[in-house]
Amino acid sequence: MPDLTPDELERYSRQIGPGVLSLDGQQRLRCSTALVTRAGGMGGPAALMLAMAGVGRLIVAHGGHLISPDLNRQVLGSEQGLGKPRAAEFAAYLRGMNRFVQVEPLDYEPDDDQALELAARCDVILSCPPTFEERLRLNRAAVITGTPLIDAAQWGMTGTLIVVRPGETACLECVYPAPPPFEELFPVVGAISSATGSLAALEAIKILSQTGRPLWGRMFTYDGYHGRATAVQLQRRPQCPRCGAAARGA
Amino acid sequence: MKIQVIYTGRGYQLAELLPDELELDDAAGVGDALRLLAKRLPADVRLPDTCLISVSGQHLGTLAQHNSVRLRDGDELTLIAPVAGG
Ligand SMILES: [Zn+2]
């Protein structure tokens with residue numbers, strides 16, 4: 001791994017040391033690529049925290065143009081960006097926060113083939129879209145390529161994280177044998193989507209830098225409405241069509 | 001025995017219609033607890049089939065398809081309705 005420059009060491013000095021990242025861990029971050037799709041209420045704060053932490057390359061996928069209702073939670077947007085393509089706006093914001101990282105904006109949500117191609121060239125996937133269809137597509141790409149997946153989701157004042165180590169822990173299709181119903185205009189308070197996105201970024205930073213204990217195979221839920229947190233140790237389903245015995249050709 | 005009940009995820013307001021605690025026979029299983037919870041709801045309200053079910057942190061499956069286990073006094077039955085917002 002190439003050494004960090006003195007400027008980079010100065011930038012990251014508060015996160016290198018006991019209880020946080022090692023120097024090697026910081027260098028691993030710099031040599032890593034993370035895919036964040038999408039970069040809205042959760043993916044935006046997640047991408048921001050990854051950029052500021054020094055993840056070397058960020059691929060940020062989000063289609064469409066910024067609209068006013070986005071601005072109750074999409075921290076990478078701004079009043080000046082209304083009406084403009086989200087991906088380019090978000091990438092500009094991220095670049096403005098850390099000159100040491102590369103940001104690759106994609107102004108679309110990846111289809112099956114694109115998700116597979118993207119998963120193959122990244123070290124972690126942060127799944128933050130508003131539909132189960134997209135989440136399951138990213139899960140498929142993660143399982144096929146063996147790429148760690150962090151699924152972040154929210155509703156109202158509640159957020160959940162599922163951290164998948166493909167082939168070893170439960171995948172999303174183990175957890176959701178049948179896709180749950182889709183709700184287009186789900187309620188969302190920006191504070192919970194931001195918190196959930198930041199926790200997703202923390203898991204990615206731990207995984208990429210090899211620091212601490214990632215939430216492998218667990219589902220963490222914070223119900224902000226009721227003020228309680230729960231953690232569930234997820235079980236793999238042997239008959240899972242994505243990662244079960246049949247899918248592996250066993 | 002008594003168990004604790006947590007309902008969260010999508011539509012977490014449903015928790016207001018459910019008891020925080022259930023009293024059950026000592027031989028009761030998770031299916032008994034779920035049936036009792038369903039009876040506590042108004043006739044037009046159902047627990048979502050895709051709800052994740054866990055007992056004291058151990059994942060059992062979904063409401064529609066889950067392993068059956070015996071419950072123990074003090075267990076925590078958690079139902080998490082899937083959320084997908086981004
Ligand atoms: Zn699976």
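Please read these numbers as outputs of a predicted model, since none were measured by experiment. (Residues numbered from 1 in each chain as written. Chains lettered and ligands numbered in written order. Predicted model: local features only at pLDDT ≥ 70, side-chain atom pairs only at ≥ 80, totals over all residues. Heavy atoms only, no water.)

A.B. asks: When you look at the packing of aromatic side chains in this model, what are you seeing that I'm missing?
C.D. replies: Two aromatic rings, taken as a pair, are described by how far apart their centres are and by the angle between their planes. Under the definition given, this model contains four aromatic pairs over all chains. Ring geometry for Phe132 of chain A and Tyr176 of chain A: centres 5.0 Å apart, planes at 75°, overall edge-to-face. Of the two residues, Phe132 of chain A sits in helix 6 (residues 132-145) while Tyr176 of chain A sits in the loop between helix 7 (172-175) and helix 8 (190-209), which places them 44 residues apart along the sequence. For the pair formed by Phe132 of chain A and Tyr176 of chain A, the shared burial category is buried. Pairwise contacts between aromatic rings join Trp155 and Tyr225 of chain A together with Tyr12 of chain B into one cluster. (Phe/Tyr/Trp six-rings, centres within 6.5 Å; stacked < 30°, edge-to-face > 60°. Helix = DSSP H or I, 4+ residues; strand = E, 2+ residues; numbered from the N terminus. Buried < 20%, exposed > 50% of the residue type's maximum accessible area, 1.4 Å probe, protein only.)

A.B. asks: Would you mind showing me how to read the interface of chain B and chain A here?
C.D. replies: Interfaces are often sized by the accessible area lost when the parts come together. Of the residues lining the interface, 25 residues belong to chain B; the matching set on chain A comes to 40 residues. Buried area between chain B and chain A, summed over both chains or domains, comes out near 2600 Å², and the portion from carbon and sulfur atoms is 61%. Area buried by chain B at its contact with chain A is led by Tyr12, His59 and Gly86 of chain B, which between them contribute 26% of it. At the boundary of chain B with chain A, the tally comes to zero salt bridges. Put simply, the parts of the chain that give the side of chain B that touches chain A at least two residues each are strand 1 (2-9), strand 3 (52-55), strand 4 (58-62) and strand 5 (76-81) of chain B. Here the residues of the side of chain B that touches chain A are counted per class, giving nine nonpolar, 14 polar and two charged. (Contact = heavy atoms within 4.5 Å. Buried area = accessible area lost by both parts, 1.4 Å probe. Salt bridge = Lys/Arg side-chain N within 4 Å of Asp/Glu carboxyl O. Nonpolar A, V, L, I, M, F, W, Y, C, P; charged D, E, K, R; others polar.)

A.B. asks: Mind showing me how you'd approach the packing of helix 3 (residues 43-53) of chain A against helix 4 (residues 86-97) of chain A here?
C.D. replies: The geometry of a pair of packed helices is captured by two quantities: the angle between their axes and the separation between those axes. Residues and elements named next belong to chain A. At a minimum axis separation of 9 Å, helix 3 and helix 4 run at an interaxial angle of 30°. With respect to their mutual orientation, helix 3 and helix 4 come out roughly parallel. Like other packed secondary-structure pairs, helix 3 and helix 4 cross with a definite hand, here right-handed. Between helix 3, through Ala47, Leu48, Ala51 and Met52, and helix 4, the contact on the second element is made entirely by Tyr93, Leu94 and Met97. Split into classes, the residues belonging to the contact of helix 3 with helix 4 amount to seven nonpolar, no polar and no charged. (Axes fitted to C-alpha atoms, helices over the stretch in contact; angles between N-to-C directions. Parallel < 35°, antiparallel > 145°, perpendicular 65-115°, else oblique. Left-handed = near helix turned anticlockwise from the far one by under 90°.)

A.B. asks: For this particular structure, what's the right way to read the nonpolar core?
C.D. replies: Side chains that are nonpolar tend, in soluble globular proteins, to be buried together. Residue and element names in this part refer to chain A. With 39 residues, the main nonpolar core has Leu50, Leu94, Leu126 and Ile150 as its most contacted residues. Taken together, the elements giving at least two residues each to this core come down to strand 1 (33-37), helix 3, strand 2 (57-61), helix 4, strand 4 (124-127), strand 5 (149-155), strand 6 (158-164) and helix 8. Membership of the second largest hydrophobic core comes to 32 residues, among which are Ala119, Leu138, Leu172 and Leu234. (Core = buried A, V, L, I, M, F, W, Y, C linked by side-chain atoms within 4.5 Å.)

A.B. asks: Would you mind going over the coordination of the zinc ion with me for this structure?
C.D. replies: For a metal bound by four donors in a tetrahedral arrangement, the ideal donor-metal-donor angle is 109.5 degrees, while six donors in an octahedral arrangement ideally sit at 90 or 180 degrees. Residues and elements named next belong to chain A. Here the zinc ion is held by Cys171 (SG), Cys174 (SG), Cys240 (SG) and Cys243 (SG), and the distances to it run 2.3 Å. Mapped onto the sequence, the residues coordinating the zinc ion show the spacing C-x2-C-x65-C-x2-C. Cys243 carries the same exposure label as Cys240, and that label is buried. (Donors = N, O, S within 2.8 Å, 3.2 Å for Na, K, Ca; no water.)

A.B. asks: Sorry, what's going on with unusual backbone geometry here?
C.D. replies: It is generally the case that most residues other than glycine have a negative phi and that most peptide bonds are trans. That bond from Thr37 of chain A to Arg38 of chain A is cis: its omega, -5°, falls within 30 degrees of zero. You will see that Ser56 of chain B, though not glycine, has its phi angle at about 50°, which is positive. Its place among the elements puts Ser56 of chain B in the loop between strand 3 and strand 4.

A.B. asks: Could you clarify how one ought to interpret the environment of Leu199 of chain A in this entry?
C.D. replies: Residues and elements named next belong to chain A. Within the fold, Leu199 resides in helix 8. We classify Leu199 as partly exposed; its relative accessible area is 35%. Expressed as a C-alpha distance, the spacing of Leu199 and Met42, which sit 157 residues apart in the sequence, is 9.5 Å. Those residues in contact with Leu199 that sit more than four places away from it in its chain are Leu161 and Phe220.

A.B. asks: Whenever I open this one, helix 5 (residues 112-120) of chain A confuses me. Can you help?
C.D. replies: Helical geometry note: an α-helix holds 3.6 residues per turn, so side chains three or four residues apart project in the same direction. Residue and element names in this part refer to chain A. Of all the residues in helix 5, the buried ones are Ala115, Leu118 and Ala119. Within helix 5, the buried residues cover an arc of 100° as seen down the axis, which keeps them to one side. For helix 5, the exposed residues lying more than 90 degrees away from the buried face are Asp113 and Ala120. Looking at the buried residues of helix 5, the elements they touch are strand 1, strand 2, strand 3 (102-106), strand 4 and helix 6. With a side-chain oxygen lying 3.2 Å from the backbone nitrogen of Asp113, the N-terminal cap of helix 5 falls on Asp111. (Arc of directions from axis to C-beta. Polar contact = N/O pair within 3.5 Å; in protein donor to acceptor, adjacent residues only side chain to side chain.)

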